[in-house]
Amino acid sequence: MVKNFNLMKIKNITCIGAGYVGGPTMSVIADRCPDIRVTVVDMNADRIAAWNSDHIPIFEPGLDVVVKRARGKNLFFSTDIDASIKSADCIFMSVNTPTKTEGEGAGRAADLKYIIACAEQIARSAQNHTIVVEKSTLPVRTAEKIKEILAKNSKHTFDVLSNPEFLAEGTAVKDLENPDRVLIGGENPEAIAALSDVYAQWVAKEKIITTNVWSAEMAKLAANAMLAQRVSSINSLSAFCEATEADIDEVAKVLGSDSRIGPKFLKAGIGFGGSCFQKDILNLVYLCEHYGLTEVAAYWEQVIVMNEWQKKRIAQLVIKKLGGSVKGKKIAVLGFAFKKDTNDTREAPAISVCETLLKAGAEVVIFDPKVSENQVADDLLHLSSQPSQFKCVNSASEACLGADTAIVLTEWDQFKSIEWLSIALKMSSGAWVFDARNCTNHTAIRAAGLNLWVVGKSNQSA
Ligand code: NAD
Ligand code: UGA
């Protein structure tokens, strides 16, 4: 029998998946809703142990403080997935949804094996009526599949809601505490109301948008596609600026001052990275093709083509400016994370740039303030013929010691104030700085006698 949600509040949340979304999102829910017990479960015991330790597995500004405030009170991290499902009245699915690597749709469609495993496990263990929430980013109409699995494998009843997450890494806590909007798609108004009540404890009611399930699933894919499209658009114009003596900062300022366009997401760079933009656009492309919308699929695919081109063109440009070969040259890579304020390297443009340089025979020395040496090794070992071809060091200055060039690949704030004058003395004569994020002090670099190339600028040295 379906419970009356007007009489019932969500009191006990379980979240399956303690990753970049599940961990921060549940920590903020627990922090803002002291009357709700929140348990985050994961099959990765190391990850759960880290969440229970003083060194939480994700670097996000402010997250450690939020976790410490709620952990052990109403926030728990556990590997006991079945027990946690049993006691929950609301279960969030925050598992990964990577691009399929084999079978139908390989290279494009989202791999739903983790979501399907979750739904099967929920069906096996859930008691009474349970609200199941899609927090992961999913193909449109996945809720249908989840409902089928639940109905087939359980005698209990369920509501399936779509509540996609819009947080960006590096600003996750801020985004969760003060979101532009919370989106809840569903069929049963009572279940929608129960989940809305959770968010309404700290989010203004007018920011909680409710839609049908399919619109919610679709809107998440569309939002990521449109954000990525802006990055590819500004990056395409950066190349145009370099060719024409226009300046990308000036162009972006003009564009952004049009209130219809707006100033955000107009920063030219090395191309977008991160675990989601590419996979979500590929998924959108796959779905469009599935529905026979060939032109629509081709349109969105171009966003990824442009992104790949930007990464390759800048890596090749480094080789060209260094005389056509980097064999045996020492290259300092400043920044490895896919953006500042995160330790995440998934799809980081730095991986692609390092691949090109390693394959061309360069020696690469990497400094990133938050990415661990083990993570860099995981990302690069299979790309290099000899493991000794790359190493990590503890500062920008150390990375530049004896280097022929430095390439800035992540816009960490500390790179704004690098002491180029002293660093230039340690670099080879005629050394270059390639600022692929347009985030360093260009006057200081020039004053130090270094050659400089900046994305989207035409006045390049040498
Ligand atoms: P993640 O890889 O960091 O975390 C997923 C976790 O789920 C892993 O720890 C994994 O061990 C666990 N898991 C997978 N299957 C499981 C199962 N059956 N039982 C228990 N645990 C299981 O992924 P993420 O970055 O948190 O992304 C999760 C989802 O959220 C994706 O769909 C992603 O597209 C979406 N999303 C991500 C972000 C982001 O900034 N990373 C933002 C918005 C939405
Ligand atoms: C992105 C979206 O911004 C989130 O709303 C969404 O929830 C998330 O994807 C997701 O679904 O995973 P995220 O990838 O964490 O968040 O970070 P962004 O700030 O969007 O940056 C993505 C990439 O684009 C980074 O490599 C960043 O450096 C690059 N970027 C972004 C630019 O090069 N220029 C810009 O102006 C903005």
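The structure this text deals with has already been given above.
Draft legend 1. Main features of the overall build of the protein chain. Check the secondary structure of the protein chain and you find 17 helices and 14 strands. C-alpha atoms of the protein chain, sized along the principal axes, occupy 75 × 50 × 45 Å. Among the 462 residues that make up the protein chain, the fraction classed as buried is 55%. The long-range share in the protein chain, meaning contacts at least 24 apart out of those at least 6 apart in sequence, stands at 76%. For the protein chain, the accessible surface area stands at approximately 20400 Å², while carbon and sulfur atoms represent 52% of it. Side-chain charges in the protein chain split into 51 positive and 54 negative, and the spacing between the mean points of these groups amounts to 2 Å.

Draft legend 2. Representation of a nonpolar patch on the surface. On the surface, Tyr291, Leu293 and Val296 cluster together to form a nonpolar patch covering roughly 280 Å² of accessible area. Position of Tyr291 relative to the elements: it lies in the loop between helix H11 (277-290) and helix H12 (294-321).

Draft legend 3. Focus on the site of ligand 1. Contacts to ligand 1 come from 25 residues, most closely from Asp42, Arg47, Thr97, Glu169 and Lys279. A distance of 3.0 Å separates an oxygen atom of ligand 1 from a polar atom in the backbone of Tyr20. Contact distances for ligand 1 include 3.3 Å between a nitrogen atom and a backbone N or O atom of Met43. With the chains in place, 93% of the 830 Å² that ligand 1 exposes on its own is no longer accessible. Here the shell around ligand 1 is composed, by residue class, of nine nonpolar, nine polar and seven charged. Lining the shell around ligand 1 are residues from two domains, each supplying at least three of them: domain 1 (12-211) and domain 2 (222-304).

Draft legend 4. The side chain of Glu134, seen in detail. Tracing the chain through its elements places Glu134 in strand E5 (residues 130-134). As a buried residue without a salt bridge, Glu134 has its nearest oppositely charged side chain in Lys147, at a separation of 8.7 Å. Reaching out from Glu134, the side chain makes a polar contact with the backbone nitrogen of Ala143 at a distance of 3.0 Å. Discounting residues that sit within four places of it in the chain, Glu134 has contacts with Met93, Thr142, Ala143, Ile146, Val160, Leu161, Ser162, Asn163, Pro164 and Glu217.

Draft legend 5. How the structure looks around the layout of surface pockets. In this structure, the second largest pocket spans a volume of roughly 420 Å³. Around the second largest pocket, the lining is made up of 18 residues, and of these Leu112, Pro139, Lys145, Tyr286 and Leu287 lie nearest the centre. Counting only elements with at least two residues in the lining of the second largest pocket, the list comes to helix H6 (142-153) and H11. Each of domain 1 (12-211) and domain 2 (222-304) gives at least three residues to the lining of the second largest pocket.

Draft legend 6. Structural context of the site of ligand 2. Close contacts around ligand 2 come from 19 residues, with Phe166, Leu167, Glu169, Cys276 and Arg437 the closest. Between Glu165 and ligand 2, the recorded distance is 3.4 Å, taken from a backbone N or O atom to an oxygen atom. Lys267 places a main-chain nitrogen or oxygen 2.8 Å from a nitrogen atom of ligand 2. Look at ligand 2: alone it shows 700 Å² of surface, and the protein chains cover 89% of it. At four residues, the largest contribution of residues to the shell around ligand 2 is made by helix H9 (residues 213-244). A per-class count over the shell around ligand 2 returns 11 nonpolar, two polar and six charged.

Draft legend 7. Quick peek at the side chain of Ser232. Locating Ser232 in the fold gives a position in helix H9. For Ser232, a relative accessible area of 4% gives the class buried.

Draft legend 8. Structural view of the pairing of strand E2 (residues 37-41). Buried residues dominate E2, accounting for four of its five residues. Traced from strand E1 (residues 12-16) through helix H1 (residues 22-32) to E2, the parallel crossover comes out right-handed. Sheet topology note: the E2/strand E3 (residues 75-78) ladder contains four bridges and is parallel. By the bridge assignment for E3, Thr39 is matched with Phe76.

Draft legend 9. Fine view of the packing of H9 against H12. Contact geometry of H9 with H12 gives a least axis separation of 9 Å together with a crossing angle of 45°. It follows from the interaxial angle that H9 and H12 lie oblique. The handedness of the crossing between H9 and H12 comes out as left-handed. Between H9 and H12, the contacting residues are Ala225, Met226, Ala228, Gln229, Ser232, Asn235, Ser236, Ser238, Ala239 and Glu242 on the first element and Tyr299, Trp300, Val303, Met306, Asn307, Trp309, Gln310 and Arg313 on the second. Among the residues making up the contact of H9 with H12, the classes are represented as nine nonpolar, seven polar and two charged.

Draft legend 10. Local environment of the state of the cysteines. Tallying each qualifying case throughout the model produces zero disulfides. The closest cysteine sulfur to the non-disulfide-bonded Cys288 is located on Cys276, 18 Å from its own sulfur. For Cys288, a relative accessible area of 8% translates into the label buried. Cysteine Cys392 remains unbridged, with the sulfur of Cys354 as its closest cysteine sulfur at 9.2 Å.

Draft legend 11. Seen up close, the nonpolar core. Residues Leu334, Phe336, Leu357, Val364, Leu380, Trp420 and Leu450 are the most contacted members of the largest nonpolar core, which totals 61 residues. Examining the composition of this core, we find that six residues originate from one element, helix H13 (residues 349-359), more than from any other. Those residues in contact with Leu380, other than ones at most four positions away along the chain, are Phe336, Ile351, Cys354, Leu358, Ile366 and Phe390. Counting 43 residues, the second largest nonpolar core, distinct from the first, contains Met26, Val67, Phe77 and Phe92.

Draft legend 12. Molecular detail of the environment of Val65. Its place among the elements puts Val65 in helix H3 (residues 63-70). Judged by its relative accessible area of 47%, Val65 falls in the partly exposed class. C-alpha separation for the pair Val65 and Thr211, spaced 146 residues apart in sequence, amounts to 34 Å.

Criteria and cut-off values
- Residues numbered from 1 in each chain as written.
- Chains lettered and ligands numbered in written order.
- Predicted model: local features only at pLDDT ≥ 70, side-chain atom pairs only at ≥ 80, totals over all residues.
- Heavy atoms only, no water.
- Helix = DSSP H or I, 4+ residues; strand = E, 2+ residues; numbered from the N terminus.
- Buried < 20%, exposed > 50% of the residue type's maximum accessible area, 1.4 Å probe, protein only.
- Contact = heavy atoms within 4.5 Å.
- Areas by Shrake-Rupley, 256 points an atom, 1.4 Å probe, with all protein chains shown as cover.
- Lys, Arg positive; Asp, Glu negative; His and termini not counted.
- Charge placed at Lys NZ, Arg CZ, Asp CG, Glu CD.
- Patch = residues over 30% accessible without salt bridge, like charges linked within 9 Å, V, L, I, M, F, W, Y side chains within 5 Å.
- Salt bridge = Lys/Arg side-chain N within 4 Å of Asp/Glu carboxyl O.
- Near = heavy atom within 4 Å.
- Polar contact = N/O pair within 3.5 Å; in protein donor to acceptor, adjacent residues only side chain to side chain.
- Nonpolar A, V, L, I, M, F, W, Y, C, P; charged D, E, K, R; others polar.
- Domains from an automatic or database assignment.
- 1 Å grid on protein atoms, 1.4 Å probe; cavity = no way out; pocket = protein on both sides within 12 Å on 5 of 7 lines; lining within 4 Å.
- Points joined across faces, edges and corners; volume = space filled by probe spheres on them.
- Right-handed = clockwise from strand over helix to strand, strands pointing away.
- Pairing = 2+ DSSP bridges.
- Axes fitted to C-alpha atoms, helices over the stretch in contact; angles between N-to-C directions.
- Parallel < 35°, antiparallel > 145°, perpendicular 65-115°, else oblique.
- Left-handed = near helix turned anticlockwise from the far one by under 90°.
- Disulfide = S-S within 2.5 Å.
- Core = buried A, V, L, I, M, F, W, Y, C linked by side-chain atoms within 4.5 Å.

Structural measurements only, silent on function.
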